[in-house]
Amino acid sequence: NYFYFFTFLMRKTKHALITGITGQDGAYLAKFLLKKNYQVFGTYRRLSTPNFWRLSYLEIEDRVKLIPADLIDTPSLIEAIRVSKPDEIYHLAAQSYVGASFDQPLSSGEFSGLAVSRMLESIRLFDPSIKFYQASSSEIFGKATTKSQNEQSSFIPQSPYATAKLYGYWMTQIYRDGYDMFAANGILFNHESPLRGLEFVTRKITNAAARIKLGLQKQLNLGYLGSYRDWGYAPEYVEGMWKILQQKKPDDFVLATNESHSVQEFVETTFSYLDLDWKKYVKIDKKFYRILEVNSLKGDSSKAQKKLSWKPKIKFKKLIQIMIEKDLERWQGWLNGEIFPWDANNYIGDEKTLFRKAN
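### Concerning the overall build of the protein chain
The helix and strand tally for the protein chain stands at 13 helices and 13 strands. Taken over C-alpha atoms, the radius of gyration comes to 21 Å for the protein chain, in line with the 21 Å a tight globule of 359 residues would show. Taken along its principal axes, the extent of the C-alpha atoms in the protein chain is 65 × 50 × 40 Å. Considering the protein chain as a whole, with its 359 residues, one finds that 51% of them fall into the buried category. Look at the contacts in the protein chain between residues 6 or more apart in sequence, and 78% of them connect residues 24 or more apart. Carbon together with sulfur atoms contributes 52% to the accessible area of the protein chain, which is approximately 17,400 Å² in total. Computed over 50 positive and 39 negative side-chain charges, the separation of the two mean positions in the protein chain equals 2 Å.

### Here's the deal with helix 12 (residues 316-335)
For helix 12, spanning 20 residues, the distance from its first C-alpha to its last is 29 Å, which sits close to the expected 28 Å at 1.5 Å a residue. Every buried residue of helix 12 is listed here: Phe 316, Leu 319, Ile 320, Ile 322, Met 323, Ile 324, Asp 327, Leu 328, Arg 330, Trp 331, Gly 333 and Trp 334. Remark: Gly 337 follows helix 12 within two positions and exhibits a positive phi of approximately 85 degrees.

### Points about the sheet that holds strand 5 (residues 131-137)
Pairing is parallel across the open sheet formed by 7 strands, whose spatial order is 3-2-1-4-5-6-11. Of all the strands in the sheet, just strand 3 (65-68) and strand 11 (253-255) have a single pairing partner and so form its edges. Strand-to-strand, the axes of this sheet are offset by a mean angle of 25 degrees, without reference to chain direction. Sheet topology note: the strand 6 (residues 183-188)/strand 11 ladder contains 3 bridges and is parallel. Across the sheet, residue Leu 188 finds its bridge partner in strand 11, namely Leu 255.

### With respect to the packing of helix 8 (residues 201-213) against helix 10 (residues 263-273)
Interhelical geometry of helix 8 versus helix 10 gives an angle of 25 degrees and a closest axis separation of 10 Å. On the basis of the axis angle, helix 8 is roughly parallel to helix 10. Crossing angle aside, the handedness with which helix 8 passes helix 10 is right-handed. Judged by residue contacts, Val 201, Thr 202, Ile 205, Thr 206, Ala 209 and Ile 212 of helix 8 engage Val 263, Phe 266, Val 267, Thr 270 and Phe 271 from helix 10. Each residue belonging to the contact of helix 8 with helix 10 can be placed in one class, and the counts come to 8 nonpolar, 3 polar and no charged.

### Considerations on the packing of helix 6 (residues 105-126) against helix 7 (residues 160-179)
Relative to each other, helix 6 and helix 7 sit at 15 degrees, their axes nearing to 8 Å. What the angle tells us is that helix 6 and helix 7 run roughly parallel. Handedness of the helix 6/helix 7 crossing: right-handed. Residues Pro 105, Ser 108, Gly 109, Ser 112, Gly 113, Leu 114, Val 116, Ser 117, Leu 120, Glu 121 and Arg 124 of helix 6 lie in contact with helix 7, whose contacting residues are Pro 160, Tyr 161, Ala 164, Lys 165, Tyr 167, Gly 168, Met 171, Thr 172, Tyr 175 and Tyr 179. Looking at side-chain class alone, the contact of helix 6 with helix 7 contains 11 nonpolar, 7 polar and 3 charged residues.

### Some thoughts on the pairing of strand 4 (residues 88-91)
On strand 4, burial covers both faces: Glu 88 and Tyr 90 on one face and Ile 89 and His 91 on the other are all buried. Judged from the 4 bridges that link them, strand 1 (residues 15-19) and strand 4 form a sheet pairing that is parallel. By the bridge assignment for strand 4, Leu 17 is matched with Ile 89. Bridge count for strand 4 against strand 5 is 4 bridges, and the pairing is parallel. By the bridge assignment for strand 5, Glu 88 is matched with Lys 131.

### Quick notes on the pairing of strand 5
Where burial is concerned, most of strand 5 is hidden: 6 out of the 7 residues are buried. Examined bridge by bridge, strand 5 and strand 6 share 6 bridges and lie parallel to one another. Opposite Gln 134, over in strand 6, you have Asn 185 as the bridge partner.

### Section: the packing of aromatic side chains
Tallied over the full model, the rule gives 19 aromatic pairs. Aromatic rings pair up to connect Phe 141, Phe 155, Tyr 169, Trp 170 and Phe 189 into one cluster. For the cation-ring pair, Arg 196 lies above Phe 200, with the distance from its terminal atom to the ring centre recorded as 3.8 Å. Taking the ring centre of Trp 331 as reference, the NZ or CZ of Arg 211 above it sits at 4.8 Å.

What counts as what
Residues numbered from 1 in each chain as written. Predicted model: local features only at pLDDT ≥ 70, side-chain atom pairs only at ≥ 80, totals over all residues. Heavy atoms only, no water. Helix = DSSP H or I, 4+ residues; strand = E, 2+ residues; numbered from the N terminus. Rg over C-alpha atoms; globule rule 2.2 N^0.38 Å. Buried < 20%, exposed > 50% of the residue type's maximum accessible area, 1.4 Å probe, protein only. Contact = heavy atoms within 4.5 Å. Areas by Shrake-Rupley, 256 points an atom, 1.4 Å probe, with all protein chains shown as cover. Lys, Arg positive; Asp, Glu negative; His and termini not counted. Charge placed at Lys NZ, Arg CZ, Asp CG, Glu CD. Expected span 1.5 Å × (residues − 1). Pairing = 2+ DSSP bridges. Axes fitted to C-alpha atoms, helices over the stretch in contact; angles between N-to-C directions. Parallel < 35°, antiparallel > 145°, perpendicular 65-115°, else oblique. Left-handed = near helix turned anticlockwise from the far one by under 90°. Nonpolar A, V, L, I, M, F, W, Y, C, P; charged D, E, K, R; others polar. Phe/Tyr/Trp six-rings, centres within 6.5 Å; stacked < 30°, edge-to-face > 60°. Lys NZ or Arg CZ within 6 Å of the ring centre and 35° of its normal.

Structure, rendered in structure tokens:
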């Protein structure tokens, strides 16, 4: 009897496969699913220096099963599906930095666009009953023609990244309609956290402000400050991803705070939280300007609020407080000789500070 009861429980345990589990969203989603008693598998790119700091930071690195895979290698994707036997796949892996897509447009198309087709085709061939979530992006709206954007808004991408994401968006719909697969798009507006990479402007700002406050940095170089974005808190958005795959029928959803703030507002709020005058420390450097700027994006997540019962609680000022306090805590801990997983030593500039301290 115990054997059959145990077998029943094991059969009821859901399996989830997360591509890009080492990224911000992947790590938070893994933690969320573990709390839901999922067995969590995640793909990662095999590198000479593995990047598992986010999983370690969330203290879940020993609770997820990692599978090496590459988005341009279809057999490795099929193997990841075979090993994990997932009920749900969350496809988060991509070339996720808009600025870099201008420097590497072809690889951006491969990793953020064509890789979606590879994932969908792998599912279709292996087990078309697997539920598939595609991480789309608000960047697909690009040169928006409306004050806010929802699921019916026009797509006018302004970067190779956005174009690749739009390709993935349409392929997800095509496989949903053409093969009757449960394939859904989450069109997520900007969502940030202390686990955001330092190449992204929000974390670049909070990290620099913390270092300036502690005397570790003298100035912060930024590009165009006039862009407006809808910024939310990443841990809340991964819950939205999960809710999208719990629906009876697959559909596409915008996740957003329905608010828009400029980069300059982000800077002002961050520095004022530390009692610093941002104008004394921030310098504009045109090398950080994009070839094509997206001036304003603001989401309309009313559909998600109605159908998913999803609504973000953490808004702009609270988000900044969470991020700046954590970056300040990290650098204070480092000054005190503490050792913990983080990403400062992976970026040019920060490693010079670390080296000076070591000497």
